[in-house]
Amino acid sequence: MPGNVTRASAALLALGALTYTAWVLEVPLRTGLDPVRTYVSELAASDQPFGTFFRATDLVSGMLVLAGAVLGWAGTGRSGTRGSGHAATPGPGHLATPPAGRTRRIREPWALVGWAALALFGAATVADSRLPLSCAATADPECAARETAGLVPATHTAHAVSSGLAMTGAVVALVALTMAARRHGRRRPLARTGPVFVAVELAATVWTLAAVAAFEAGKGTWALGAGQRLQVLLVAVWLAVLAYSLATSASASASASASASASASASASASASGEER
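Cut-offs used in this document
Residues numbered from 1 in each chain as written. Predicted model: local features only at pLDDT ≥ 70, side-chain atom pairs only at ≥ 80, totals over all residues. Heavy atoms only, no water. Helix = DSSP H or I, 4+ residues; strand = E, 2+ residues; numbered from the N terminus. Contact = heavy atoms within 4.5 Å. Areas by Shrake-Rupley, 256 points an atom, 1.4 Å probe, with all protein chains shown as cover. Disulfide = S-S within 2.5 Å. Buried < 20%, exposed > 50% of the residue type's maximum accessible area, 1.4 Å probe, protein only. Phe/Tyr/Trp six-rings, centres within 6.5 Å; stacked < 30°, edge-to-face > 60°. Salt bridge = Lys/Arg side-chain N within 4 Å of Asp/Glu carboxyl O. Axes fitted to C-alpha atoms, helices over the stretch in contact; angles between N-to-C directions. Parallel < 35°, antiparallel > 145°, perpendicular 65-115°, else oblique. Left-handed = near helix turned anticlockwise from the far one by under 90°. Nonpolar A, V, L, I, M, F, W, Y, C, P; charged D, E, K, R; others polar.

(A) Broad picture of the overall build of the protein chain. Scanning the protein chain for helices and strands turns up eight helices and two strands. The order of helices and strands in the protein chain, counted from the N terminus, is α-α-α-β-β-α-α-α-α-α. Contacts in the protein chain between residues far apart in sequence, at least 24 positions, make up 70% of those at least 6 positions apart. When the accessible area of the protein chain is evaluated, it comes to approximately 13400 Å², of which 66% is carbon and sulfur surface.

(B) Quick look at the state of the cysteines. If you walk through the whole model with that rule in mind, you get one disulfide. Between Cys-135 and Cys-143 runs a disulfide, and the two sulfur atoms are separated by 2.0 Å. For the disulfide bridge between Cys-135 and Cys-143, the dihedral angle about the S-S bond is near 75°, and by the sign convention the bridge is right-handed. For the pair formed by Cys-135 and Cys-143, the shared burial category is buried.

(C) Broad picture of the packing of aromatic side chains. Across all of its chains, the model carries two aromatic pairs by this definition. On the basis of an interplanar angle of 70° and a centroid distance of 5.1 Å, the ring pair of Phe-53 and Phe-54 is categorised as edge-to-face. By relative accessible area, which is 36% here, Phe-53 ends up partly exposed. Accessibility expressed as a relative area gives 3% for Phe-54, which makes it buried.

(D) The arrangement of the pattern of salt bridges in detail. What the rule picks out here adds up to one salt bridge. One salt bridge in this structure joins Glu-26 and Arg-229, with 2.8 Å as the shortest N-O distance. Taken as a pair, Glu-26 in helix H2 (residues 26–29) and Arg-229 in helix H8 (residues 224–276) lie far apart in primary sequence, 203 residues in all.

(E) Highlighting the packing of helix H3 (residues 51–74) against helix H4 (residues 109–130). Interhelical geometry of H3 versus H4 gives an angle of 160° and a closest axis separation of 7 Å. The orientation of H3 relative to H4 falls into the category roughly antiparallel. Crossing hand, H3 versus H4: left-handed. Residue-level contacts link Arg-55, Asp-58, Leu-59, Ser-61, Gly-62, Met-63, Val-65, Leu-66, Gly-68, Ala-69, Gly-72 and Trp-73 of H3 to Leu-112, Trp-115, Leu-118, Ala-119, Phe-121, Gly-122, Ala-123, Thr-125, Val-126, Ser-129 and Arg-130 of H4. Its residues assigned to classes, the contact of H3 with H4 comprises 13 nonpolar, seven polar and three charged.

(F) Layout of the environment of Leu-18. Its location among the elements puts Leu-18 in helix H1 (residues 2–20). C-alpha of Leu-18 to C-alpha of Ala-236: the two residues are 218 residues apart in sequence and 7.2 Å apart in space.

Okay, here's the thing in structure tokens:
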């Protein structure tokens, strides 16, 4: 069962990563928004021609990641036998196949924080899709003026909050799950590439926040759109790496379990033969 849960989590996260990159379709769709200057969220604004489509992809990606994170959390931990004197054996998604006898589950803090943060990211992305901007302030001076004067719907403020929560969740998940992978020697692709993702994602986040501050101060956009698109692209690629790491760890654990079962059966047969003699 743990392996099945881990594989299901991997599949959901992979699909979530794919749908989270739907914004790249702005190129063939010719949305009319400059990708170097505009927010990604403005593609889904109520007054945009493809707004409904991009809101739908945000909704789907958020739900997929949220479900994948919940399953990832369910597969988090190690099982050990009380009083056995043996170390707990790790397995896919930080969950081992419990040995015979009384077992207990050991929760791993970094993994728990990471899955909780990823669930926050998914839930906040769902909220983003339900709280669209009414117009594109970076591309429409009249919209920017109304926003400055506080004459836009309350969804603008709510969207800013949900977007902030989504990115906070993504960054925390990226850091925490990378730490979990490196601490416990599992999910090798994530353990190897995670530090690079963390460094570049933090740099992209600083760029985006600085560009937002510059735009709000009336000092231009500072390539706000490019910075934010790099930020969300890195999250999507990292989700794909996480999904791949989960899938490969589940397969490796299944193979190890099969080998262990075969060895146990062989040992039992050998013992039985010895007793008969």
